[in-house]
Protein chains: 4
Amino acid sequence: MKVIVDLCVVPMGVGISVGKYVAECQKVLQEAGLKHQLHAYGTNIEGDWDEVFAAVKRCHERVHEMGAPRITTSIKVGTRTDREQSMQDKIDSVTKMET
Amino acid sequence: MKVIVDLCVVPMGVGISVGKYVAECQKVLQEAGLKHQLHAYGTNIEGDWDEVFAAVKRCHERVHEMGAPRITTSIKVGTRTDREQSMQDKIDSVTKMET
Amino acid sequence: MKVIVDLCVVPMGVGISVGKYVAECQKVLQEAGLKHQLHAYGTNIEGDWDEVFAAVKRCHERVHEMGAPRITTSIKVGTRTDREQSMQDKIDSVTKMET
Amino acid sequence: MKVIVDLCVVPMGVGISVGKYVAECQKVLQEAGLKHQLHAYGTNIEGDWDEVFAAVKRCHERVHEMGAPRITTSIKVGTRTDREQSMQDKIDSVTKMET
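Residues numbered from 1 in each chain as written. Chains lettered and ligands numbered in written order. Predicted model: local features only at pLDDT ≥ 70, side-chain atom pairs only at ≥ 80, totals over all residues. Heavy atoms only, no water.

- Per an unreviewed UniProt entry, chain A goes by the name Thiamine-binding protein domain-containing protein and belongs to Rubripirellula tenax.
- Entered under Sequence similarities (unreviewed entry) in the UniProt record, the comment concerning chain A runs "Belongs to the UPF0045 family." (UniProt positions renumbered as here; feature names shortened; annotations may be inferred.)

Following this line, the structure appears as C-alpha cells:
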C-alpha cells in the first residue's frame, strides 16, 4: 500500500531549539531512500506504507538516542485505491484549479 | 517501545456519514487487543509501537475494503524514555493540577 | 457557525512535564463557558466558532504568560451545514454501529 | 501575536477529488494578503493571529458555500515569545544542521 505522509516530530524536554532533531529525521528519511520534502511545519514523505512507518519509528528512536526524553509527533496519512498519486500530483491538483 | 496514539481516520468519497467506518476501526483495535478509548474526534490507543501501527494499517486496509476509495488520517504519537505513562496517567497529570 | 474542535497544546522549552499548562487551558475553557472534555491526547470542545477560537488564543496567551517561550498546538476543526451535531452525537454515531 | 500555521482543509460528502476546494482556500489566503506556501499535505501560513484565523474561518465558510456539507480541518499552530521566526527561518534552522 502506497502512502503519502506529513510528519512533524516535536522533541520535548530539550529546550526551545529543535532544529538538530528535525535534521536528524531528514537524515533517517534520506537513509531510507524515501522521497521527502521539508516544509515550514513538517515533512512530506511518499512511499510504501511499511517503509514509511519503519522510518517514522526510526525517527523516534534516533531522537530519543540524541537525548530527548519525550516526543510528541503529528502525522497525516493519505492512502487511495482509485489511482496512483504522488506528492507532486497533489500539489498540481490544486494549482491547476487556480488558473 | 511503548506508545500512546490518538487516531482519527477520515474516509473520503463515501458521503457525509462515516460512523460505520470508524466503528470498524474500533473493531480492528478490539481484535488487536489494544487498550483504546473513543472520544468525539478520534480514539486514544495505548500499546507497543509495532502492534499499534499494525492496527492502524489494518484500519486503512479495512476501510478501503468497505469501499472507501480514499482515506486521510491524523495521528498523534507520544513516546517517552524517562518513565512509563498510561493514557489514564496523562489525564491524571492534568486533573490533579486543577484542584 | 457551530464547531467541534479537538485541541492539543504543547508548550516547548519548559521541560518534560506539561500538566500544569494543560490544566490552565482547561481553566480557560471553563471560564469561557465552553462545553469541553479532556482525553489522553487533547481536549474536545464544542461551541460557536468565534468563542472557541477566542478561547484557543487565550490558551496560547496564558501558557506564554506562565513562562513557556514556545508553543506548538494541534487542532482539528469540524463544521457541518447539513445538521446540528454535538460531541456526544459524534460518539453515538460510532457506538450505535458497534452493536 | 504572530503565528505560523499549517492548514489542511478536508471537505467531506463531495466525492473523492477536493482540489477545487483547496484552490479556493488558496484564494482566500491570497485575498487576505497572508504569506502562504502550499505543500503536498496542507498549506503553511504566516501572519498575525487574528488575521490568520479570520482567513481559516473564511475558508470553512467558502467551502460550505461551494456545496460541501461537512468539513474536517487539521491545523498546527506555532507561537513563540523568545524571538521572531518566519516560515523560511524554520526551514533554515533544519537545513543548516544538515551540512
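**A short note on the relation of the copies chain C and chain D**
- Overlaying chain C on chain D yields an RMSD of 0.0 Å, the required transformation being a rotation through 180° with an accompanying axial translation of 0.0 Å. Expressed as an axis order, the relation between the two copies is that of a two-fold axis. Among all C-alpha atoms of chain C, that of Ile75(C) lies closest to the rotation axis, at 2.5 Å.
- The share of interface residues of chain C whose copies in chain D are also at the interface is 100%, consistent with both copies meeting through the same surface. (Least-squares fit on C-alpha atoms with pLDDT ≥ 70 in both. Contact = heavy atoms within 4.5 Å.)

**Quick look at helix 2 (residues 49-65) of chain D**
- Between its first and last C-alpha atoms helix 2 of chain D spans 24 Å; for 17 residues at 1.5 Å apiece the expected length is 24 Å, and the two agree.
- Taken residue by residue, helix 2 of chain D has Trp49(D), Val52(D), Phe53(D), Ala55(D), Val56(D), Lys57(D), Cys59(D), His60(D), Arg62(D), Val63(D) and His64(D) as its buried positions.
- Among the structural elements, helix 2 (49-65) and strand 4 (70-80) of chain C together with strand 1 (2-12), helix 1 (19-31), strand 3 (42-48) and strand 4 (70-80) of chain D are those in contact with the buried residues of helix 2 of chain D.
- By the N-cap criterion, in which a side-chain oxygen at the helix start approaches the backbone nitrogen of a residue two or three places on, helix 2 of chain D is capped by Asp48(D), the distance to Asp50(D) being 3.1 Å. (Helix = DSSP H or I, 4+ residues; strand = E, 2+ residues; numbered from the N terminus. Expected span 1.5 Å × (residues − 1). Buried < 20%, exposed > 50% of the residue type's maximum accessible area, 1.4 Å probe, protein only. Polar contact = N/O pair within 3.5 Å; in protein donor to acceptor, adjacent residues only side chain to side chain.)

**Some thoughts on empty space enclosed by the protein**
- For the structure on display, the rule yields three cavities of 30 Å³ or more.
- Volume-wise, the largest cavity comes out at about 180 Å³.
- What lines the largest cavity is a set of 14 residues, and nearest its centre among them are Ser74(A), Ser74(B), Ser74(C), Ser74(D) and Lys76(D).
- Broken down by secondary-structure element, the contributors of at least two residues to the lining of the largest cavity are strand 4 (70-80) of chain A, strand 4 (70-80) of chain B, strand 4 of chain C together with strand 4 of chain D.
- The class makeup of the residues in the lining of the largest cavity is four nonpolar, four polar and six charged.
- Within this model, the second largest cavity holds a volume of roughly 100 Å³.
- What lines the second largest cavity is Lys76(A), Cys8(B), Val10(B), Thr72(B), Thr73(B), Ser74(B), Lys76(C), Cys8(D), Val10(D), Thr72(D), Thr73(D) and Ser74(D).
- Counting residues per element, the ones that place at least two in the lining of the second largest cavity are strand 1 (2-12) and strand 4 of chain B together with strand 1 and strand 4 of chain D.
- Classifying every residue of the lining of the second largest cavity by side-chain character gives four nonpolar, six polar and two charged. (1 Å grid on protein atoms, 1.4 Å probe; cavity = no way out; pocket = protein on both sides within 12 Å on 5 of 7 lines; lining within 4 Å. Points joined across faces, edges and corners; volume = space filled by probe spheres on them. Nonpolar A, V, L, I, M, F, W, Y, C, P; charged D, E, K, R; others polar.)

**What about the relation of the copies chain D and chain A?**
- Least-squares fitting of chain D to chain A yields an RMSD of 0.0 Å, with the superposition described by an axial translation of 0.0 Å and a rotation of 180°.
- Of the residues that chain D buries at the interface, 100% are likewise interface residues in chain A, meaning the two copies contact each other through the same surface.

**Re the side chain of Ser86(D)**
- You can see Ser86(D) is positioned in the loop between strand 4 and helix 3 (87-95).
- Residues in contact with Ser86(D), not counting those within four places in the same chain, are Lys2(D), Ile4(D) and Glu46(D).

**Some thoughts on the interface of chain C and chain D**
- Between chain C and chain D, the residue contacts involve 26 residues of the former and 26 residues of the latter.
- Across the chain C to chain D interface the summed buried area is about 2,100 Å²; carbon plus sulfur atoms make up 54%.
- It is Trp49(C), Lys57(C) and Arg70(C) that lose the most area in chain C upon contact with chain D, and together they represent 23% of the buried surface on that side.
- Applying the counting rule to chain C against chain D returns two salt bridges.
- With a shortest N-O distance of 3.1 Å, Asp50(D) and Lys57(C) are connected by a salt bridge.
- Counting the contacts that link chain C with chain D gives 13 residue pairs in polar contact (both at pLDDT 80 or more).
- Of all elements in the fold, only helix 2 and strand 4 of chain C reach the threshold of two or more residues within the side of chain C that touches chain D.
- Here the side of chain C that touches chain D gets eleven residues from one element, more than from any other, and that element is strand 4 of chain C.
- For the side of chain C that touches chain D, the class distribution of residues is nine nonpolar, nine polar and eight charged.
- Summarising the sheet, strand 4 of chain C and strand 4 of chain D pair through eleven bridges and their orientation is antiparallel. Pairing of Thr79(C) across the sheet is with Ile71(D), part of strand 4 of chain D. (Buried area = accessible area lost by both parts, 1.4 Å probe. Salt bridge = Lys/Arg side-chain N within 4 Å of Asp/Glu carboxyl O. Pairing = 2+ DSSP bridges.)

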